[in-house]
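Coordinate analysis (summary)
The residues making up each chain are set out below.
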Amino acid sequence: ARGSDFGILADVAEQDHFARNRGKLDHEHLQTAVRVVRRQADQMKLLLDDLLDVARVTQNKLVLRREACRLRDVISEAIETIQPLLTARDQRLDTTALKADPIVSGDCARLQQVMINLLKNSIKYSPPGSVISIALEEAEGHAVIRVKDPGEGIPADMLERVFDLFVQSNHTLDRSDGGMGVGLTLVKTIVELHGGSVSARSDGHDQGSEFLVRLSLPPANQRPRTLDHPRTKPARRFRIAIVEDNSDSRLMLQSLLQLDGHEIRSAVDGHQGLELINSWKPEVALIDIGLPGLDGFEVAQLLRANGQQPLPYLVALTGYGFISDREKSLESGFDTHIVKPLKLPALNEVLNQIADSTNQPADGKTSK
């Protein structure tokens, strides 16, 4: 176990103490407890996401969803994500060199993951109060991203190996707030899947480091002038059934969808979900795969076998995103497959696609 692991355990102990004495807490202490829980939940999510991606990497099953990506937007969203880390370490990010505005063909979410991991790497391995810089330029038909820090640097014999899985060095990776040696491996894998390259530069111990990402740009006559961003709000309201055995996930998803005006009913297992869908006849059904009783695949198969019309649009919810998992979902009768943790904009885009396919306006009345 590393120092960061002991930190998590200490915070868990604090959370338990807060829970047992919550009746005695004033507002300030309660807010402190909430911040602790939120911080550790965010940290655990990042660790779990990285571990799941490592599994996909080692089995060559990391899938890209390509679209036109404006790299300045990708970088801006990554900066917003890591801002609390900068604040916590009293560090500053110099963005004055973000002058170019290239658009590449790629998976915007994965490219954002690249930027988050590179920035987190520089934040962790640079002293408090330091300034980290990020630059974006176009050169020789490529978009070039540079992340430079004044940190501990990388020994010459580690410059190539630093991207290997679980590799750590005494000077740069093996420390109390170090990670699992996973982040830079994911960076290299994702960039190379995009047909790009990533490299590290450093003059040695205590001399800082610089990471360069190069991504190919389409020919000038093929570059889109504008980007059609996906709609993040639903185009119309739906009757949606949620079949999910995890109570926290079910209640949170139900609340979010109700805020957007949808009518929601839910079930906690496969048998209950099948009964709900057959009797209520929702327009959309969000079905977790790992359900007790009947699993999600069986629910979808039974719904298709019943031949009941109209059949709801079936959305599989699962923590597995391998190509084989998606294929199995479609073979079982699902219309689409969304990987957890579910992001509301992604779900809204699915709902908008359903609305478009049925040619119905926002008031829900069928167009003539």
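Placed above this text is the structure.
This text gives an overview of the structure that appears in the document. (Residues numbered from 1 in each chain as written. Predicted model: local features only at pLDDT ≥ 70, side-chain atom pairs only at ≥ 80, totals over all residues. Heavy atoms only, no water.)

1. Side note on the nonpolar core
We count it as follows: We define the nonpolar core as a collection of buried residues of types Ala, Val, Leu, Ile, Met, Phe, Trp, Tyr and Cys that are connected through side-chain atoms lying within 4.5 Å of one another. Exposure is judged per residue with a 1.4 Å probe applied to protein chains only, and the accessible area is read against the type maximum: over 50% gives exposed, under 20% gives buried, and values in between give partly exposed. Helix and strand assignments follow DSSP, with helices taken as H or I runs no shorter than four residues and strands as E runs no shorter than two, numbered in order from the N terminus. Contact between two residues is taken to exist if any of their heavy atoms lie within 4.5 Å; hydrogens are not considered.
Core analysis: the biggest nonpolar cluster contains 42 residues, and Met115 and Ile134 have the highest contact counts within it. Elements with a contribution of two residues or more to this core: helix H3 (71-88), strand S2 (92-98), helix H4 (108-124), strand S4 (131-139), strand S5 (142-149), helix H5 (183-193), strand S6 (197-201) and strand S7 (209-216). Per-element tally for this core: the top contributor is H4, with eight residues. Once you skip the residues sitting within four places of it in the chain, Met115 turns out to touch Val74, Ile75, Ala78, Ile134, Ile145 and Val147. Core analysis: the second largest hydrophobic core is formed by 19 residues, Leu276, Ala285, Phe297 and Leu314 among them.

2. Re the pattern of salt bridges
A side chain with one charge can pair with a side chain of the opposite charge if their charged atoms come near. Test applied: In the sections that follow, a salt bridge refers to a side-chain nitrogen of Lys or Arg positioned within 4 Å of a carboxyl oxygen of Asp or Glu.
Per the counting criterion, the structure on display carries seven salt bridges. Of the charged contacts in the structure, one is a salt bridge between Asp101 and Arg70, with a shortest N-O distance of 3.3 Å. On the criterion of sequence distance, the pair formed by Asp101 in the loop between S2 and strand S3 (103-106) and Arg70 in strand S1 (residues 67-70) is long-range, its members being 31 residues apart. We classify Asp101 as partly exposed; its relative accessible area is 37%.

3. A few points about a nonpolar patch on the surface
Applicable threshold: Patch membership requires over 30% relative accessible area and the absence of a salt bridge. Like charges are linked within 9 Å, and nonpolar side chains (Val, Leu, Ile, Met, Phe, Trp, Tyr) within 5 Å. Only the protein chains shown count as cover for residues, with accessible areas throughout obtained via the Shrake-Rupley method and a probe of 1.4 Å.
A cluster of nonpolar side chains, namely Met252, Leu256 and Leu259, defines an oily patch on the protein surface of about 330 Å² accessible area. With respect to the helices, strands and loops of the structure, Leu256 is situated in helix H6 (residues 247-259). Note on Leu256: relative accessible area 33%, which makes it partly exposed.

4. Re the packing of H3 against H4
For the record, the criterion: Axes here mean lines fitted to C-alpha atoms, for a helix over just the part in contact, with angles spanning 0 to 180 degrees between N-to-C directions. Roughly parallel means an angle under 35 degrees; roughly antiparallel, over 145; roughly perpendicular, 65 to 115; everything else is oblique. We call a crossing left-handed when the near helix sits turned anticlockwise from the far one by less than a right angle, and right-handed when that turn is clockwise. For this classification, Asp, Glu, Lys and Arg are treated as charged, while Ala, Val, Leu, Ile, Met, Phe, Trp, Tyr, Cys and Pro are nonpolar and the rest, including Gly, are polar.
Running from amino to carboxyl end, H3 crosses H4 at an angle of 40°, the nearest separation of the two axes being 8 Å. Here H4 runs oblique to H3, going by the angle between their axes. As H3 packs across H4, the resulting crossing turns out to be right-handed. Residue-level contacts link Leu71, Val74, Ile75, Glu77, Ala78, Ile79, Thr81, Ile82, Leu85 and Leu86 of H3 to Cys108, Leu111, Gln112, Met115, Ile116, Leu119, Lys120 and Ile123 of H4. Class assignment for the residues of the contact of H3 with H4 results in 14 nonpolar, two polar and two charged.

5. A short note on the state of the cysteines
Each disulfide consists of a covalent bond between the sulfur atoms of two cysteine residues. For clarity, the cut-off: Throughout, disulfides are identified as pairs of cysteine sulfur atoms within 2.5 Å of each other.
Within the structure shown, the criterion is met by one disulfide. Disulfide partner of Cys69: Cys108, at an S-S distance of 2.1 Å. On the S-S bond that ties Cys69 to Cys108, the torsion sits near -110°, and the link is left-handed. You can see Cys69 sitting in strand S1 and its partner Cys108 sitting in helix H4, a full 39 residues away along the chain. By the burial criterion, Cys69 is buried, and Cys108 matches it.

6. Things to note about the sheet that holds S6
Just so we agree on the cut-off: For two strands to pair, DSSP has to find at least two bridges joining them.
Read from one edge to the other, the open sheet built from five strands follows the order S2-S4-S5-S7-S6, with strand pairing classed as mixed. A strand with exactly one partner marks an edge of an open sheet, and here the two such strands are S2 and S6. In this sheet, neighbouring strand axes are inclined to one another by 15° on average, regardless of whether the strands run parallel or antiparallel. As judged from the seven bridges shared by S4 and S5, these two strands associate in the antiparallel manner. By the bridge assignment for S5, Ala135 is matched with Arg146. Its contacts with the sheet place H3 against S2, S4, S5 and S7, and it is angled at close to 165° to S2.

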